[in-house]
Amino acid sequence: MIVVLTGTPGTGKTRIAEEISRRTDLPLIKINEFAKENKLLGKFDGDAREVDIAKLGRLLRAEIKKMKMKNLVLEGHLACEIKIPAKMVIVTRTRPGVLRRRLAARKYAKSKIDENLMVEMLDYCTIKAEKNYKRASIFEVETSGKFGETMKKIWKILAGKGGKFKSGRIGWGRELYASL
Ligand SMILES: Nc1ncnc2c1ncn2[C@@H]1O[C@H](COP(=O)(O)OP(=O)(O)O)[C@@H](O)[C@H]1O
Ligand SMILES: [Mg+2]
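Residues numbered from 1 in each chain as written. Chains lettered and ligands numbered in written order. Predicted model: local features only at pLDDT ≥ 70, side-chain atom pairs only at ≥ 80, totals over all residues. Heavy atoms only, no water.

## Topic: the pattern of salt bridges
- Summed over all chains, the structure comprises 11 salt bridges.
- A salt bridge links Glu18 to Lys30; the shortest N-O distance between them is 2.5 Å. Placement of the pair is Glu18 in helix H1 (residues 13–24) and Lys30 in strand S2 (residues 28–30), with a sequence separation of 12 residues.
- Residue class for Glu18 comes out partly exposed when judged on its relative accessible area of 31%.
- Two residues, Lys110 and Asp114, come together in a salt bridge whose shortest N-O distance is 2.8 Å. With Lys110 and Asp114 both in helix H5 (residues 110–121), this residue pair falls 4 residues apart, about one helical turn.
- Overlapping salt bridges bring together Arg93, Glu120, Asp123 and Glu140 as one network. (Salt bridge = Lys/Arg side-chain N within 4 Å of Asp/Glu carboxyl O. Helix = DSSP H or I, 4+ residues; strand = E, 2+ residues; numbered from the N terminus. Buried < 20%, exposed > 50% of the residue type's maximum accessible area, 1.4 Å probe, protein only.)

Shown next as structure tokens:
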């Protein structure tokens, strides 16, 4: 089974994907590293490097085909922008206040933190994933709390018992308006 983890930076994709891979022996592709290894990172556009999304999608699909990989985990915020023959897509979601603290701990510039919070509040990755993964089941998992709690939800989803985590139920609009 091919599983894709996507979501705003800081929402916990890498840590969750590493845990899945460690516990299940599924191989893991970290899309940021894949992009770097394949020299897909272009010039800086302010605070992030541009990535050739179309080429990234092509190379990842070719890699999956070449390796005959039927069981695999891929993680990265860019995963929501491309089409991969995944069976499941899990979008990680974090409350804005929590996400701000995590990104600040990463020493992101304030403008970059604000931009990522906006992306999270607009449900960007969920909406993009719904557009790009028509054949997959799409789930959303809140990662604002303890890691162990997050993983319990992830194992349920992977076991095919993630009905209550189907996408479309998480949104931070209310918090956004409350803070204006
Ligand atoms: N419930 C949780 N689920 C996932 N990550 C969490 C959780 N709580 C705290 N974290 C922390 O959030 C930070 C960001 O996680 P990371 O996996 O690097 O995110 P991403 O890959 O989405 O940018 C890490 O320090 C991670 O340990
Ligand atoms: Mg990461």
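Still more ground to cover, so stick around.
## A look at the site of ligand 1
- Around ligand 1, the surrounding shell holds 15 residues, and the nearest of these are Gly10, Lys13, Thr14, Arg106 and Thr150.
- Here Arg102 contributes a side-chain N or O atom positioned 3.0 Å from a nitrogen atom of ligand 1.
- One of the backbone nitrogen or oxygen atoms of Thr143 is found 3.2 Å away from a nitrogen atom of ligand 1.
- In the complex, the protein chains occlude 77% of the 570 Å² of accessible area that ligand 1 would expose alone.
- If you list the elements that add at least two residues to the shell around ligand 1, you get H1 and helix H7 (147–158).
- Among the elements that make up the shell around ligand 1, the one with the highest residue count is H1 (3 residues). (Near = heavy atom within 4 Å. Polar contact = N/O pair within 3.5 Å; in protein donor to acceptor, adjacent residues only side chain to side chain. Areas by Shrake-Rupley, 256 points an atom, 1.4 Å probe, with all protein chains shown as cover.)

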